[in-house]
Amino acid sequence: MSVRLPAFSGLTAFYAAVRHGTLTGAARELNVSQPAISRRIAALEEDLGCPLFDRSRKPVQLTQQGRDLAHVLRGSFGQIETVVERIRKGRDQGVVTVTAPSGFVGSWLIPKLAELEAAFPEVTIRIISQEYGDPERPGDVSVRFGLPDAGVAGEARVLGNGVFPVASPLYLQRRGVAPDVASFDGMTLLTMESARRHWHDWPSWFQSQGLEVPRDVRLLDFNSYAMVVNAALAAQGVCLCWSGLLGDFLESGAMLRLGQAQAHSARGYYVAARDGLAARAEVRAVFEWITERGAEEAVA
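Summary of the structure given here. The model shown is predicted, which means the values in this text are computed figures rather than measured ones.

## Details of the overall build of the chain
Item 1. Helix and strand counts for the chain stand at 11 helices and 13 strands.
Item 2. By the burial criterion, 45% of the 300 residues in the chain qualify as buried.
Item 3. Sequence separation of 24 or more characterises 76% of the internal contacts of the chain that already satisfy a separation of 6 or more.
Item 4. Summed over its atoms, the accessible surface of the chain is roughly 15800 Å², and 53% of this surface lies on carbon and sulfur atoms.

## So, the side chain of Thr 291
Item 1. Here Thr 291 shows up in helix H11 (residues 281-298).
Item 2. By relative accessible area, which is 17% here, Thr 291 ends up buried.
Item 3. Polar contacts involving the side chain of Thr 291 include one to the main-chain carbonyl oxygen of Phe 287, which spans 2.9 Å.
Item 4. Non-local contacts of Thr 291, meaning those with residues more than four positions away in its chain, are made with Ala 156, Arg 157, Val 158 and Val 271.

## A few points about the packing of helix H2 (residues 23-30) against helix H3 (residues 34-48)
Item 1. It is at 8 Å that the axes of H2 and H3 come closest, and there the two elements cross at 100°. In this view, H2 runs roughly perpendicular relative to H3, as classed from their interaxial angle. Between H2 and H3, the contacting residues are Leu 23, Thr 24, Ala 26, Ala 27 and Leu 30 on the first element and Gln 34, Ile 37, Ser 38, Arg 40 and Ile 41 on the second.

## Brief notes about the pattern of salt bridges
Item 1. Scanning all chains against the criterion turns up nine salt bridges.
Item 2. A salt bridge links Arg 19 to Glu 29; the shortest N-O distance between them is 2.6 Å. Placement of the pair is Arg 19 in helix H1 (residues 8-20) and Glu 29 in helix H2, with a sequence separation of 10 residues.
Item 3. Judged by relative accessible area, Glu 29 falls into the partly exposed class, the value being 37%.
Item 4. Linking Glu 288 and Arg 284 is a salt bridge whose minimum nitrogen-to-oxygen distance equals 3.5 Å. Note that Glu 288 and Arg 284 are positioned in helix H11 at a spacing of four residues, about one turn of the helix.
Item 5. Overall, Glu 288 belongs to the partly exposed group, its relative accessible area being 34%.

## Brief notes about the sheet that holds strand E4 (residues 124-129)
Strand pairs in the sheet, formed through backbone hydrogen bonds, run parallel or antiparallel to each other.
Item 1. Spatial ordering of the open sheet is given by E4-E3-E5-E13-E6, a layout of five strands whose pairing is mixed. Taken across any chain shown, the strands that pair with only one partner, and hence form the sheet edges, are E4 and strand E6 (156-157).
Item 2. Direction of pairing for strand E5 (residues 141-146) relative to strand E13 (residues 268-273): antiparallel, over a ladder of six bridges. Residue pairing in the sheet places Val 141 in a bridge with Ala 273 of E13.
Item 3. In this fold helix H5 (residues 102-109) packs onto strand E3 (95-100), E4, E5 and E13, with an angle of close to 115° to the strand it touches most, E3.

## Topic: the packing of H1 against H3
Item 1. For the pair H1 and H3, interaxial distance at closest approach is 8 Å and the crossing angle is 115°. Taken together, the axis directions place H1 and H3 in an arrangement best described as roughly perpendicular. In the packing of H1 onto H3, the handedness of the crossing is left-handed. Residue-level contacts link Ser 9, Gly 10, Leu 11, Ala 13, Phe 14 and Ala 17 of H1 to Ile 37, Arg 40, Ile 41 and Leu 44 of H3.
Item 2. Taken together, the residues of the contact of H1 with H3 sort by class into seven nonpolar, two polar and one charged.

The rules behind these values
- Residues numbered from 1 in each chain as written.
- Predicted model: local features only at pLDDT ≥ 70, side-chain atom pairs only at ≥ 80, totals over all residues.
- Heavy atoms only, no water.
- Helix = DSSP H or I, 4+ residues; strand = E, 2+ residues; numbered from the N terminus.
- Buried < 20%, exposed > 50% of the residue type's maximum accessible area, 1.4 Å probe, protein only.
- Contact = heavy atoms within 4.5 Å.
- Areas by Shrake-Rupley, 256 points an atom, 1.4 Å probe, with all protein chains shown as cover.
- Polar contact = N/O pair within 3.5 Å; in protein donor to acceptor, adjacent residues only side chain to side chain.
- Axes fitted to C-alpha atoms, helices over the stretch in contact; angles between N-to-C directions.
- Parallel < 35°, antiparallel > 145°, perpendicular 65-115°, else oblique.
- Salt bridge = Lys/Arg side-chain N within 4 Å of Asp/Glu carboxyl O.
- Pairing = 2+ DSSP bridges.
- Left-handed = near helix turned anticlockwise from the far one by under 90°.
- Nonpolar A, V, L, I, M, F, W, Y, C, P; charged D, E, K, R; others polar.

As structure tokens, then:
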């Protein structure tokens, strides 16, 4: 027995309002009036029998039911967008789309684009940044952060499992400490608290060393690893690094490793090719290049 779904117009209005944060933004995207958006959301709430927004607070916030629905719609609409784009553009021969978290793209992939293009001169590489929490948009080659997934055919780890702290020389100079520092007292630790459930952050790193987070440290929180890395390069604090991820910055001296202590985590960057072993030849080739290049840097 199938469940009667709400009107699609209400779902799209609600999802647009969640993404834009305002009814005005949602109205502009859907090319309707703001009152029309309000009516569609009100009709959706009436159909579901519960409020999706807590209007007693300013700014208005999602209720638990609203958060649950937004989470489902985020993934569903993301998959629809991916399929529609593929149908419209076709499976372009000679074009390989790589999707990856922004931190991986900015810190690892972009510095190697010249190498990648030289290795595949007949292939057009299309890169899409996939931020944590964004709708999933699987590429021909997809890089994700998390735990290994046995359900993904042919998935491989890109980088090593060592996790260690790094900082810019300027930050250490300002603090008056050397790279072999044994204590983080008084330092600013750059964190990703909002993504801690799927990330390896400072509390788990200190725990792996048998230590507690020093009480006098300052925490500076971000919602993407790309922002964490940029803050570290700007001498704003100390961040955690996966083996091989920031190799170009460490090699150039833009960042320095602090001490020799490191944690080992099953979480990390994993890469897979669309359709696995049945993927197009150029897709398999790019997948193997990323895997092999990552393995080289992880042990460097």
